[in-house]
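# Overview (structure and organization)
So you can see what is in the structure, the chains are spelled out below.
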There are 6 protein chains.
Amino acid sequence: MRPSGRAPDEMRAITIETGYTKHAEGSCLIGFGDTKVLCTASVEERLPPWLRGKGQGWVTGEYSMLPRATHTRGNREAARGKQSGRTQEIQRLIGRSLRAVVDLEKLGERQITLDCDVIQADGGTRTASISGAWIALRLAVSGLMEQGQIKDDPITGKIAAISCGIYNGTPVLDLDYAEDSNADADANFVLIEGGKIAEAQATAEGATYDEEGLMRLLRLAQIGCAQIFKSQDEATK
Amino acid sequence: MRPSGRAPDEMRAITIETGYTKHAEGSCLIGFGDTKVLCTASVEERLPPWLRGKGQGWVTGEYSMLPRATHTRGNREAARGKQSGRTQEIQRLIGRSLRAVVDLEKLGERQITLDCDVIQADGGTRTASISGAWIALRLAVSGLMEQGQIKDDPITGKIAAISCGIYNGTPVLDLDYAEDSNADADANFVLIEGGKIAEAQATAEGATYDEEGLMRLLRLAQIGCAQIFKSQDEATK
Amino acid sequence: MRPSGRAPDEMRAITIETGYTKHAEGSCLIGFGDTKVLCTASVEERLPPWLRGKGQGWVTGEYSMLPRATHTRGNREAARGKQSGRTQEIQRLIGRSLRAVVDLEKLGERQITLDCDVIQADGGTRTASISGAWIALRLAVSGLMEQGQIKDDPITGKIAAISCGIYNGTPVLDLDYAEDSNADADANFVLIEGGKIAEAQATAEGATYDEEGLMRLLRLAQIGCAQIFKSQDEATK
Amino acid sequence: MRPSGRAPDEMRAITIETGYTKHAEGSCLIGFGDTKVLCTASVEERLPPWLRGKGQGWVTGEYSMLPRATHTRGNREAARGKQSGRTQEIQRLIGRSLRAVVDLEKLGERQITLDCDVIQADGGTRTASISGAWIALRLAVSGLMEQGQIKDDPITGKIAAISCGIYNGTPVLDLDYAEDSNADADANFVLIEGGKIAEAQATAEGATYDEEGLMRLLRLAQIGCAQIFKSQDEATK
Amino acid sequence: MRPSGRAPDEMRAITIETGYTKHAEGSCLIGFGDTKVLCTASVEERLPPWLRGKGQGWVTGEYSMLPRATHTRGNREAARGKQSGRTQEIQRLIGRSLRAVVDLEKLGERQITLDCDVIQADGGTRTASISGAWIALRLAVSGLMEQGQIKDDPITGKIAAISCGIYNGTPVLDLDYAEDSNADADANFVLIEGGKIAEAQATAEGATYDEEGLMRLLRLAQIGCAQIFKSQDEATK
Amino acid sequence: MRPSGRAPDEMRAITIETGYTKHAEGSCLIGFGDTKVLCTASVEERLPPWLRGKGQGWVTGEYSMLPRATHTRGNREAARGKQSGRTQEIQRLIGRSLRAVVDLEKLGERQITLDCDVIQADGGTRTASISGAWIALRLAVSGLMEQGQIKDDPITGKIAAISCGIYNGTPVLDLDYAEDSNADADANFVLIEGGKIAEAQATAEGATYDEEGLMRLLRLAQIGCAQIFKSQDEATK
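In this text, all values refer to a predicted model and were calculated from it rather than measured experimentally. (Residues numbered from 1 in each chain as written. Chains lettered and ligands numbered in written order. Predicted model: local features only at pLDDT ≥ 70, side-chain atom pairs only at ≥ 80, totals over all residues. Heavy atoms only, no water.)

### Let's talk about the relation of the copies chain F and chain E
Superposing chain F onto chain E takes a rotation of 180 degrees combined with a translation of 0.0 Å along the rotation axis, leaving an RMSD of 0.0 Å. On the angle and the small slide along the axis, the relation comes out as a two-fold axis. Across chain F, the rotation axis passes nearest the C-alpha of Gln201 of chain F, at a separation of 2.2 Å. A share of 100% of interface residues in chain F that are also interface residues in chain E marks the association as one of identical surfaces. (Least-squares fit on C-alpha atoms with pLDDT ≥ 70 in both. Contact = heavy atoms within 4.5 Å.)

### A few points about the packing of aromatic side chains
Inspection of every chain in the model, using the stated rule, returns six aromatic pairs over all chains. Ring plane angle 80 degrees and centroid distance 5.0 Å describe the contact between Trp50 of chain A and Trp58 of chain A, whose orientation is recorded as edge-to-face. (Phe/Tyr/Trp six-rings, centres within 6.5 Å; stacked < 30°, edge-to-face > 60°.)

### Some thoughts on the interface of chain F and chain E
Taken together, the contacts link 28 residues of chain F with 28 residues of chain E. Summed over both sides, the interface of chain F with chain E buries roughly 2,600 Å², with 48% coming from carbon and sulfur. Summed over the three residues of chain F that lose the most area to chain E, namely Glu89, Ile197 and Glu211 of chain F, the buried surface amounts to 22% of that side. Across the chain F-chain E interface, the total number found is four salt bridges. Note that Glu211 of chain E is salt-bridged to Arg219 of chain F, the shortest N-O span being 2.4 Å. Taken together, the links from chain F to chain E amount to 14 residue pairs in polar contact (both at pLDDT 80 or more). Elements with a minimum of two residues in the side of chain F that touches chain E: α2 (85-99), β9 (196-204) and α6 (211-236) of chain F. Ranked by residues supplied to the side of chain F that touches chain E, first place goes to β9 of chain F with nine residues. Residues of the side of chain F that touches chain E, tallied by class, amount to 10 nonpolar, nine polar and nine charged. (Buried area = accessible area lost by both parts, 1.4 Å probe. Salt bridge = Lys/Arg side-chain N within 4 Å of Asp/Glu carboxyl O. Polar contact = N/O pair within 3.5 Å; in protein donor to acceptor, adjacent residues only side chain to side chain. Helix = DSSP H or I, 4+ residues; strand = E, 2+ residues; numbered from the N terminus. Nonpolar A, V, L, I, M, F, W, Y, C, P; charged D, E, K, R; others polar.)

### A look at the pairing of strand β3 (residues 35-44) of chain D
Residue and element names in this part refer to chain D. Extensive coverage of β3 is indicated by the burial of nine of its 10 residues. In this structure, the hairpin formed by strand β2 (residues 26-32) and β3 is closed by a connection of two residues, where Gly33 is found at a positive phi of approximately 60 degrees. Across nine bridges, the pairing between β3 and strand β5 (residues 111-120) is antiparallel. Bridge assignment links Ser42 to a residue of β5, and that residue is Thr113. (Buried < 20%, exposed > 50% of the residue type's maximum accessible area, 1.4 Å probe, protein only. Pairing = 2+ DSSP bridges.)

### Looking at the pattern of salt bridges
In this structure the tally under the stated criterion is 132 salt bridges over all chains. Here Arg46 of chain B ties to Glu44 of chain B by a salt bridge, and the two come within 3.2 Å at their closest N and O atoms. Using a relative accessible area of 55% as the deciding quantity, one classes Arg46 of chain B as exposed. Connected via shared salt-bridge partners are Arg2, Arg6, Arg12, Asp122, Asp174, Asp176 and Glu179 of chain A.

### Some words on the confidence of the model for chain A
The share of residues in chain A with pLDDT of 70 or more is 100%, and the mean pLDDT across the chain is 95. As scored by the predictor, the complex reaches a pTM of 0.91 and an ipTM of 0.94. (pLDDT = per-residue confidence, 0-100.)

### Topic: the sheet that holds strand β2 (residues 26-32) of chain C
The strands that make up a sheet are held in pairs by hydrogen bonds between backbone atoms, and each pair lies either parallel or antiparallel. All names here are of chain C. Here five strands make up an open sheet; going across it, the order is β1-β2-β3-β5-β4 and the pairing mixed. Strand pairing shows two members of the sheet lacking a second neighbour, β1 (14-18) and β4 (58-65), which therefore form its edges. Ignoring which end each strand starts from, the neighbouring axes of this sheet average 20 degrees apart. Relative to β2, β1 runs antiparallel, the two sharing five bridges. Following the sheet pairing, Thr15 is matched in β2 by Gly31. Of the strands in this sheet, β1, β2, β3 (35-44), β4 and β5 (111-120) are in contact with helix α4 (residues 125-146), which crosses β3 at around 35 degrees. (Axes fitted to C-alpha atoms, helices over the stretch in contact; angles between N-to-C directions.)

### Thoughts on the relation of the copies chain E and chain A
Rotating chain E by 180 degrees and moving it 0.0 Å along the rotation axis overlays it on chain A with an RMSD of 0.0 Å. A symmetric contact is evident, with 100% of the interface residues of chain E recurring at the interface of chain A.

### Focus on the interface of chain E and chain A
Residue-level contacts link 39 residues of chain E with 39 residues of chain A. For the pair chain E and chain A, the summed buried surface comes to about 2,900 Å²; carbon and sulfur atoms form 48% of the total. Our count for the contact surface shared by chain E and chain A stands at 14 salt bridges. Between Asp115 of chain A and Arg73 of chain E there is a salt bridge, with the nearest N and O atoms lying 2.6 Å from each other. Connecting chain E to chain A are 25 residue pairs in polar contact (both at pLDDT 80 or more). Here the residues of the side of chain E that touches chain A are counted per class, giving 15 nonpolar, 11 polar and 13 charged.

### Considerations on helix α4 (residues 125-146) of chain F
For α4 of chain F, with 22 residues, the first-to-last C-alpha span of 31 Å sits near the 32 Å given by 1.5 Å per residue. Where α4 of chain F terminates, the next one or two residues include Gly148 of chain F, which has phi positive at roughly 75 degrees. (Expected span 1.5 Å × (residues − 1).)

### Description of the UniProt feature "binding site: phosphate" in chain A
The feature "binding site: phosphate", as annotated in UniProt, sits at Arg86, Gly124, Thr125 and Arg126 of chain A in this numbering. These residues run over 41 residues, yet every pair of their C-alpha atoms falls within 13.4 Å of each other. Secondary-structure assignment places Arg86 of chain A in helix α2 (residues 85-99). Arg86 of chain A has contacts with Tyr63, Met65, Thr125 and Arg126 of chain A together with Arg92 of chain B, leaving out every residue within four places of it along the chain. Polar side-chain contacts of Arg86 of chain A include one of 3.2 Å to the side chain of Tyr63 of chain A. Each residue touching Arg126 of chain A, except ones within four places of it in the same chain, is listed here: Arg86, Glu89, Ile90, Leu93, Asn188 and Gln201 of chain A. (UniProt positions renumbered as here; feature names shortened; annotations may be inferred.)

### Examining the sheet that holds strand β7 (residues 170-173) of chain D
Spatially, the eight strands line up as an open sheet ordered β7(C)-β6(C)-β8(C)-β9(C)-β9(D)-β8(D)-β6(D)-β7(D), and their pairing is antiparallel. Strands at the two margins of the open sheet, each flanked by one partner only, are β7 (170-173) of chain C together with β7 of chain D. For this sheet, the mean angle separating the axes of adjacent strands, direction not counted, is 20 degrees. In the sheet, strand β8 (residues 185-192) of chain D pairs with strand β9 (residues 196-204) of chain D via eight bridges, with the strands oriented antiparallel. When the sheet's bridge partners are listed, Val190 of chain D is paired in β9 of chain D with Glu199 of chain D.

Below, the structure written as structure tokens:
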């Protein structure tokens, strides 16, 4: 019934290639099926002005799609001179999500920027970004610890994100573009390993959903994130 | 226990003054306690280019805070030359929410813009905007129907929004600024009269929440929106 | 003869509601008939870089119209990414006018920003802004004096502004929109209580005027400002 | 008493070099002492969208200072990405002033842009721009008439502008930079040959002025513009 | 003597992975050592306004570096709101170079945009972009020919680009970052297979060069481009 | 055969008027036939942040065309809110070229900005800008030396620039607009007196050129620059 022939609770294949770029302190190319996002973590010893001298660090996210990551070419945001509302919404979500599993005082007075650049899009780019950004962050922080720049691990847990939605009346996990563009409802969950929720965002598109629908989507997300946590574990061992 | 002395499921006083400005086709000044938002609905007979000639209309939202709506003066976005990510995120939410209760074909080839300008802020400005925008929209559409420009009512139901959150470990309804800035989790729900959910957004701030926490927040929101639906009803009779 | 039936030297009703918003150090909603402007004074203890360390303060103005303050909806300047020439011209005029009655050394090293946001427009928004901004400034400065932060009153006098013009060949006072959009000449005067002129701006629109016309407009403005000074007096007692 | 040794009602030398650039339909380099402005009139057969098909033309002005026209180098507005409020205010004034002496219907469906670029500044650049722009416009329109593109002369009269102000308590004509930066009051008048006023703008700087002061400034402006009209006449014969 | 141990006329390893993204009509990831650029060709059936209805097509280029393609993270141009002068210079060069080997009339009324996004930078990103863009273009055009949308091949030849420079007094080919940042002179050549030059740009950095130096750099470029032409040939067979 | 009737290696008349503006520390109006560029050198005692405290100065260039310098009026870049890629490319070239003949340590901790504003354009504006900027720089530096602010002359030689190209199959020197817009190849050379090359940029337009063509263009440039060096010499004596 799903265009891809997947079962309702079946994820796409997760692929993770760590160390994808040589300059970043941590990086990976993460794939959920045909969605491919390059996530890099950049460590800088300077903080935004409003945080200086407060004995803590900062974690922030930036997001972009290459113009031809999509079916039809999109305009380059740098050429248009501003980032779209969608881009800003996503990069705020990435930063907020990652900060949910970082002890900013233990991080020390430094900033880590998580750049998520979508190389190819087939649905679920924001959730792939968050899941991959955690890996880049983990690798960068482990590097800082090996160099003795950080003593206590500031990362308090694993975080992963997945989309799910109601497609043709059925709740399904990990929507690809064909499903996403026709879903009745669309949700993104950011979950912390161990059962906690960092973010839940569910939007009705045309059709609406009720309390039970929201619960069913959350449970699908729990299934999906369990698999991502496992993949993150393997990638960062 | 709440700074305001309210019970956990107690809303602030809702005040609605319809027809607040004389030029808009529909308008109200809506207040939730000290939060005051001016909502206007403007009807225009031209559509954005990508919608022309498709036999349907459009509903969109814009949002802004006056510079001194808040405790300390914020910079004017027009002077800085761009809207913040927060502003864009909110105005996308307003438009999406209102479109969830409008049949765009019945609306006909016209656009209604819902401007939500925060006169005074004390928490919950985005949810007050949505609840007030529905009133402005209802008044504008009723006017179009009275003038015979629209035959079948394109509004399919009432929509309202409210914030809730976990404050000092307790789920509470309708957060004011004192609570909002110290909440462990913060959620905004956009509900449709009759039990459906249009949007659910829940974010952990510091602390996280679990499935049961999400459910309890949703139930508080249902209590709050029931009161808003009643107020909307009285205001638009 | 005037669309409103007013006599040539008759002002619209002046309404002033002080303390309109709770966060600003001084505020009022001022109305000249259907023109309504929210004026707030915000006190900040930091100065623009070019004024620091010179033993004086600064007073500046900002101006904006809500998108639907007018008959047809205008674009939001923050969305367009820049302020119009008209907006900038008006906010320069507001700042310059208020500085004409402030001793910046007595104000001390602080900045007061006068935000004038037009809620509803029916002609004369810039002059209403100046007249209302004086009230907001007066209230803010009196507050600083009561708190002992300023010793000597830095406000040297009252300032008020009014528009006048030549409509159907007759000089008239306090133009509303219906007159303003059809006037042969349009003037704005900013007067200081006691007979001095701070600003005079008179523009021919279509028809031109001569020396005598300019004098007659100035005398109408003197009549109008006398009434505004009285209203300011009552509002700030 | 004046830094330049001029009498209170004495103008600086006016120099006009017509045909200064070869591409523009009309042009001149106008000088008032050390203030030099290049004014060009460009005729285009297309109109701004809001004027098309209304059987009339348009006249507009643009203004800029070369970065080193002034004592200390100013930032290039194109590099900063926006025009200052001052620039916008001046170019609105130039356009409005010139339109006061043009019959837009006789001009036909074409736009004439008057570019005023300040090569060297020593006070009075906006008034020199207006006085020079009239010459460029006159030359361009005469060219269109010679080519038979316009039948009836759309220019209804001569227009000129001059600054005056109160310097050390004395009203003086045609302020140079040394006076302008220390004047108690500063006024710009745009006058039409024959005694009419197109624009009057008088601003108190520090000191204020009264009704009589305004009149005295206007009379100085009449003396100055009479000389400019004569120079315009010679230049365009 | 070269930091990498290469001989003066020795290129870095060229790697080309065609079909790197699934949506673009043509694409490759091209590598010159550690420099990696993703080049995509996007075919659109609409032209920029100034080219419509002239019976010809257009080829244009866009260029960007991912923020962490470099040793230290650079600001995202979309976030800063404008493209740097360097970016614009490079994308103008890419478009101009590719158009040198395309018959725009045979291409027909369509536009091909060549997006060159630098994934990892180690010197020579602009020349890698041009060499890779040709491959993406070749693949896209061959696709259009197979689909019967173009009859006669509009591509008139191969084009490739390489940098060379004077490093420690010796002319060397294909500079990496370590050399580029310390070179006495830096040149980029864009050559067409068969001996013609499309672009030559040589800049002295500190030291200057003479006629003979320019010739020696050109000859190194000819050696380098011969190898690139071979690699392009293999990649597009 | 050339539209102007000039011999292939014949320059247009060079005109130089030094001291063209009174405020700049050095200035000239340079003409190559009908191309006229105003070049000013502004000395400032502050440096860009990244250069402070390094014991050296900086030389930079800015470039602009007046809107009606050209046959048809161009948009004002300040009004459009950004500088074109072409403008940025040219001003980077001006700065880089002038720095090639300045010892930045001997200049001391100050910045010299070379503003090149095109008053009238007829081809070759960027090369005229460089040749004229050298004169403005020379005059400004000589002034600093006379005032004792600089001891050792930081200018290490003369620099000049000229365009040449292939027109109707023949290499020609100093292209005017009629030639430039129809040339098969277009080159700009920046040469240092004594035989060294600072910049060589040669672009095929339609037709391409080979190694011999490049050499012939370079030799024409050497002929042209020899004349410019002589004119620079006379102008700055």
